[in-house]
Amino acid sequence: MDSKNSRMAFLYPGHAAEDDFPRLAGMVSPAADVTVVHTRFDQNAHTVSALTEMGSPQRLEEGARQLENKAMQAVLWTSTSASFVRGIDGIRQQIAVLEDRLHIPASTTAMAFARAVTALDARRVAIAATYPRDVALLFRAFLEHFDIEVVHLASRGIITAAEVGTLPRDAVLRFVTDN
């Protein structure tokens, strides 16, 4: 391993798109070294109760234990919905659990999204979410915490991440451009 490469860990619920993280790590220069840890959950569903459990401090703690003594430099909880459904205080708790356990910087994809919008100095966004409407509305509430105005919100109402992965490319592009 090149000592100049960043060493990042991703806590990822279940198995679906985890191959994306190493691929993305190879797109930066120098390439990053990535470790993906699969976290457990009780129910694979985009419901508020299932996502709240999936992103619980206990689940993140279990995943973080697998990273101890791995010399990571940062860790990311990669379930956007299983962080924003817990609200800003819940996300802060998720980050604190990871930082306290691993003693490295931590974040979530929901927080990274809000920070990216802010860094771009964007004030208004449209949401084209595959989530059920009640979950998409929680994403809007999360973004509004950062004074990001949501000018349009559309929801596909899909319950599982696996089902989202079956959407044809043209259907995804049409959904995004339509909204």
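Conventions and cut-offs
The residue numbers shown here count from 1 along each chain, following its written sequence. A pLDDT threshold of at least 70 governs which residues receive local features in this predicted model, and a stricter bar of 80 or more applies before side-chain atom pairs are shown or counted, although totals over entire chains, interfaces and linings include all residues. By convention in this description, side-chain values take in all heavy atoms of the structure and omit both hydrogens and water. Only DSSP runs of H or I covering at least 4 residues are called helices, and only runs of E covering at least 2 are called strands; the numbering of each starts at the N terminus. In this setup the radius of gyration rests on C-alpha atoms only. A globule is expected at 2.2 Å times the number of residues raised to 0.38. When accessible area is computed with a 1.4 Å probe and restricted to protein chains, residues below 20% of their type maximum are described as buried, those above 50% as exposed, and intermediate ones as partly exposed. Contacts: residue pairs with any heavy atoms within 4.5 Å of one another. Areas reported as accessible are Shrake-Rupley estimates using a 1.4 Å probe. Residue values count occlusion only from the protein chains shown. Here Asp and Glu are counted as negative and Lys and Arg as positive; His is not counted, and neither are the chain ends. Here the site of a charge means NZ on Lys, CZ on Arg, CG on Asp, or CD on Glu. Any Lys or Arg side-chain nitrogen located within 4 Å of an Asp or Glu carboxyl oxygen qualifies as a salt bridge. Paired strands are those between which DSSP finds at least two bridges. Only C-alpha atoms enter the line fits that serve as axes; for helices the fit covers just the stretch in contact. Angles between N-to-C directions range over 0 to 180 degrees.

Participant: Could you clarify how one ought to interpret the overall build of the protein chain in this entry?
Facilitator: Across its full length, the protein chain holds nine helices and six strands. Scaling as 2.2 N^0.38, a compact globule of 179 residues should have a C-alpha radius of gyration of about 16 Å, and the protein chain matches this with 16 Å. Viewed in the frame of its principal axes, the protein chain has a C-alpha envelope of about 45 × 35 × 35 Å. Burial statistics for the protein chain: of 179 residues in total, 41% are counted as buried. When contacts within the protein chain are restricted to residue pairs at least 6 apart in sequence, long-range pairs at least 24 apart make up 72% of them. In the structure as shown, the protein chain presents an accessible area of about 9,700 Å², 52% of it carried by carbon and sulfur atoms. Treating the 18 positive side-chain charges of the protein chain as one cloud and the 21 negative ones as another, the clouds have centres 1 Å apart.

Participant: Which parts of the structure should I look at to understand the side chain of Arg59?
Facilitator: By the secondary structure assignment, Arg59 is in helix 3 (residues 57–65). A residue is classified by how much of its surface remains accessible, and Arg59, at 8% relative accessible area, is buried. Other than its neighbours up to four places away in sequence, Arg59 contacts Thr39, Arg40, Phe41, Asp42, Glu53 and Met54.

Participant: What exactly am I supposed to notice about the pattern of salt bridges here?
Facilitator: Should the charged atoms of two oppositely charged side chains come close, the side chains can pair. As enumerated under the stated definition, the model contains 13 salt bridges in all. Here Arg124 and Glu149 are joined by a salt bridge, their closest N and O atoms 3.7 Å apart. A residue pair is termed long-range when its members are at least 10 positions apart, and Arg124 in strand 5 (residues 124–129) and Glu149 in strand 6 (residues 149–155) qualify at 25 residues. Take Arg124: its relative accessible area is 56%, and that puts it in the exposed class. Exposure remark for Glu149: the relative accessible area of 44% places this residue in the partly exposed category. Here the salt bridges do not stand alone but share partners, grouping Arg40, Asp42, Glu53, Arg59 and Glu62 into one network.

Participant: Looking at this structure, I do not really get the sheet that holds strand 3 (residues 74–77). What am I missing?
Facilitator: Across a sheet, strands are paired by hydrogen bonds formed along the backbone, either parallel or antiparallel in direction. The four strands lie next to each other as 2-1-3-4, forming an open sheet whose pairing is parallel. What marks the edges here is a single partner per strand, and that holds for strand 2 (33–39) and strand 4 (106–108). Neighbouring strand axes in the sheet, compared pairwise and without regard to direction, differ in orientation by 20° on average. Note that strand 1 (residues 7–13) and strand 3 share four bridges and pair parallel. Each residue of the ladder has a partner; that of Met8, found in strand 3, is Ala74.

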